Amino acid sequence: MSELKKIKNALVSVYHKDHLEPIIKQLHNLGVGLFSTGGTQTFIEQLGIPVTPVEDLTSYPSILGGRVKTLHPKIFGGILSRRELDSDIAQLEEFEIPEIDLVIVDLYPFEATVASGAGEQDIIEKIDIGGISLIRAGAKNFKDVLIISSRSEYPALLNLLEETNGQTSLADRKAFATRAFSVSSQYDTAIFNWFNTAQQEPLFRHAENNGHVLRYGENPHQRGMFFGDLDAMFDRLNGKELSYNNLLDIDAAVQLIDDFSDCTFAILKHNNACGVASRSTVLEAWNDALAGDPVSAFGGILITNRDVDAAAATEINKIFFEVIIAPAYTADAMEILKSKVNRIILRRKEVSLPKQQFRTLLNGVVLQDKDLKSESKNDMTPVTREVPSETEYRDLVFANKLVKHTKSNTIVLAKNNMLLASGTGQTSRVDALKQAIAKARAFNFDLNGAVMASDAFFPFPDCVQIADEAGIHSVVQPGGSIKDKDSIAYCDDHKMAMVFTGNRHFKH
């Protein structure tokens, strides 16, 4: 039997009608019989094209306020019948069921309804029953039926109809069926996750249909893909495609900058900040962020929470970097920054981000809430006789935000709302502190009056002693060690101020 199948009859039942008109006209030109329901039927009739209401085929009206329209043997029999089986064909003839060779469905917008903040009943009414059943039926019988499961596939369908004169190959039908099951899988996953919002059940489901092949993964010998809608989050104004490592760094940059409300500029390398400063202007913030580590800034990811003007762009343009992210750029700034063809310039859009994160681990997946806790001065409890000054409190808050976004074990040193240095990813907290001090001194920073933040408690007083000897006066840490009193005693003996937050900020 030939793989090519001529489309004789089509069932069209869609929620969104945009871009449907040329498909309907092309099907009509090809002599394809059309069956439809409700609003889609009206849409086709208004085009002046003949269409058979599903009710005429089933002899049943749409009932229960439209909840039941296509769920009938005369519909599903026409889709699921196996054309190569004489017994199936005989039953179609016996019950006067037409073969349906093309199904076009566009599901109720369940995810968009949830995102809109609609009430529970409105959301439940957007759980598609007939549409999802039609998709599964058409995809299951891909040997005979072409299933179009999303309006995103309309252009591909129109192109296919025009090129093949209404005939479809087995390869085409199977490819569309594959995408159909992807659509149904994501749809069911979204519904499950809405019902299981509070994780009442220890179950995990996640699905993404927007896949994009990357040049490679973390290294050239690894394959890489991104699943998600980057266009909803960024406008790419210049430069090449984002790489796997770019995406990791951009994610870290976005998470970091979102903890700051003041005008702030950050430079990141390998997911860690190497320069951060909060200032009154973007130019000042950039200059001081770069001063924190002008060596590591080479090839980095830049991000700010303010619009970039020409003055800032002129200075930024003096170094090589991979990506810059900002809410907006002036026209003059864009002309300056676009001078490098491959430089990636992203304009960030307002979009809500997931509040949970997951990763593959061993033979499964681990899931957790994101660390969205960002301590203010009010969350910091003094535990020493010496209390931080207002300036030191401001720096402690600043440093504590950065320590949350730096790989553990980590120590962050800051002064005047500027990152002086950090010790990152060390196996001991002492090593992290020593690394930070050495780095700060390498760039000739004066640590007298600087503050220190730690992502976890000090098990011994060695870190506060090393910090004291380097000129650091104020410390913020979670507390919680059985030997907290030893670190507190050292601080009291040496007139240091230390505050506890009660919140650890490990990042692995």
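Use the structure listed above.
Small disclaimer: the values here were computed from a predicted structure and weren't measured.

It is worth spelling out the sheet that holds strand β10 (residues 234–238) at this point. Spatially, β10-β15-β14-β13-β11-β12 is the arrangement adopted by the six strands of the open sheet, whose pairing is mixed. What marks the edges here is a single partner per strand, and that holds for β10 and β12 (272–278). Direction aside, the axes of adjacent strands within the sheet are offset by 20° on average. Relative to strand β13 (residues 300–304), strand β11 (residues 264–269) is paired through four bridges, and the arrangement is antiparallel. Note on β13: the bridge partner recorded for A266 is I303. Along the sheet, helix α11 (residues 244–257) makes contact with β10, β11, β12, β13, β14 (321–326) and β15 (344–348), crossing β13 at roughly 30°.

Each neighbour pair has its own omega, and for S408 with N409 the value is -10°, a cis peptide bond. Here N409 shows up in the loop between α15 (390–404) and β19 (411–414). In this structure, N417 takes a positive phi of about 55° despite not being glycine. Within the secondary structure, N417 is located in the loop between β19 and β20 (419–423). We note that K495 has phi near 55°; this positive angle belongs to a residue other than glycine.

Here we come to the sheet that holds β19. Hydrogen bonds between backbone groups are what pair the strands of a sheet, and the pairing can be parallel or antiparallel. Ordered in space as β18-β23-β22-β21-β19-β20, the six strands form an open sheet in which the pairing is mixed. Only two strands of the sheet have a single partner each, and these edge strands are β18 (381–382) and β20. Along the sheet face, helix α18 (residues 484–493) touches β22 (474–477) and β23 (497–500) and points at about 150° away from the line of β23.

By the secondary structure assignment, S184 is in helix α10 (residues 170–195). Residue classification places S184 among the buried residues on the basis of a relative accessible area of 2%. Once you skip the residues sitting within four places of it in the chain, S184 turns out to touch I132, I135 and R136.

Okay, the pattern of salt bridges next. Applying the stated criterion across every chain yields a total of 21 salt bridges. Among the salt bridges present, the one from K25 reaches E21, with a minimum N-O distance of 2.7 Å. Remark: E21 and K25 occur in helix α1 (residues 21–29); sequence separation between them is four residues, near one turn of the helix. For E21, a relative accessible area of 33% translates into the label partly exposed. Across the pair R83 and E99 runs a salt bridge whose closest N-O atoms are separated by 3.7 Å.

A word on a nonpolar patch on the surface. Together, F204, F358, V365 and L367 make up an exposed nonpolar region whose accessible area comes to about 320 Å². With respect to the helices and strands, L367 occurs in strand β17 (residues 364–369). Since its relative accessible area comes to 38%, L367 is described here as partly exposed.

Turning next to the packing of α1 against helix α9 (residues 154–164). Contact geometry for α1 and α9: axes closest at 10 Å, N-to-C directions at 25°. Judged by the inter-axis angle, α1 sits roughly parallel to α9. Seen along the crossing, α1 lies across α9 with a hand that is left-handed. Along its contact with α1, which presents P22, I23, Q26 and L27, the element α9 presents Y154, L157, L158, L161 and E162. Among the residues forming the contact of α1 with α9, the class breakdown is seven nonpolar, one polar and one charged.

Under the relative-accessibility criterion, N417 is labelled buried at 11%. Ignoring sequence-local partners within four residues, the contact set of N417 consists of V276, A277, S278, R279, R394, D395 and F398.

Quick look at the environment of Q477 now. Structurally, Q477 can be placed in strand β22. Remark: the alpha-carbon pair of Q477 and V499, spanning 22 residues in sequence, is separated by 6.6 Å. Apart from residues lying up to four places away in sequence, Q477 is in contact with S454, A456, F457, F458, D484, M498, V499, F500 and T501.

On to α1, then. Looking only at α1, the buried set comprises I23, I24, Q26 and L27. On an axial view of α1, the arc spanned by its buried residues comes to 165°, and they lie on one face. The secondary structure elements touched by the buried residues of α1 are β2 (9–14), β3 (33–36), α2 (38–46), β5 (102–106) and α9. G31, located one to two residues past α1, shows a positive phi value of around 80°.

With that settled, the discussion passes to the environment of S62. With respect to the helices, strands and loops of the structure, S62 is situated in the loop between α3 (54–58) and α4 (73–80). Relative accessible area serves as the criterion here: at 32%, S62 is assigned to the partly exposed category. Here the alpha-carbon distance between S62 and N245, two residues 183 residues apart in the chain, equals 52 Å. Among all residues touching S62, those that are not within four sequence positions of it are E55, V68 and K69.

It is worth spelling out the state of the cysteines at this point. All told, the structure shown has zero disulfides when counted by the stated rule. Cysteine C263 is unpaired, with the sulfur of C274 as its nearest cysteine sulfur at 18 Å. Note on C263: relative accessible area 6%, which makes it buried. The thiol of C463 is not disulfide-bonded; the next cysteine sulfur, from C491, is found 11 Å away. With a relative accessible area of 2%, C463 lands in the buried category.

The rules behind these values
Residues numbered from 1 in each chain as written. Predicted model: local features only at pLDDT ≥ 70, side-chain atom pairs only at ≥ 80, totals over all residues. Heavy atoms only, no water. Pairing = 2+ DSSP bridges. Helix = DSSP H or I, 4+ residues; strand = E, 2+ residues; numbered from the N terminus. Axes fitted to C-alpha atoms, helices over the stretch in contact; angles between N-to-C directions. Contact = heavy atoms within 4.5 Å. Buried < 20%, exposed > 50% of the residue type's maximum accessible area, 1.4 Å probe, protein only. Salt bridge = Lys/Arg side-chain N within 4 Å of Asp/Glu carboxyl O. Patch = residues over 30% accessible without salt bridge, like charges linked within 9 Å, V, L, I, M, F, W, Y side chains within 5 Å. Areas by Shrake-Rupley, 256 points an atom, 1.4 Å probe, with all protein chains shown as cover. Parallel < 35°, antiparallel > 145°, perpendicular 65-115°, else oblique. Left-handed = near helix turned anticlockwise from the far one by under 90°. Nonpolar A, V, L, I, M, F, W, Y, C, P; charged D, E, K, R; others polar. Arc of directions from axis to C-beta. Disulfide = S-S within 2.5 Å.

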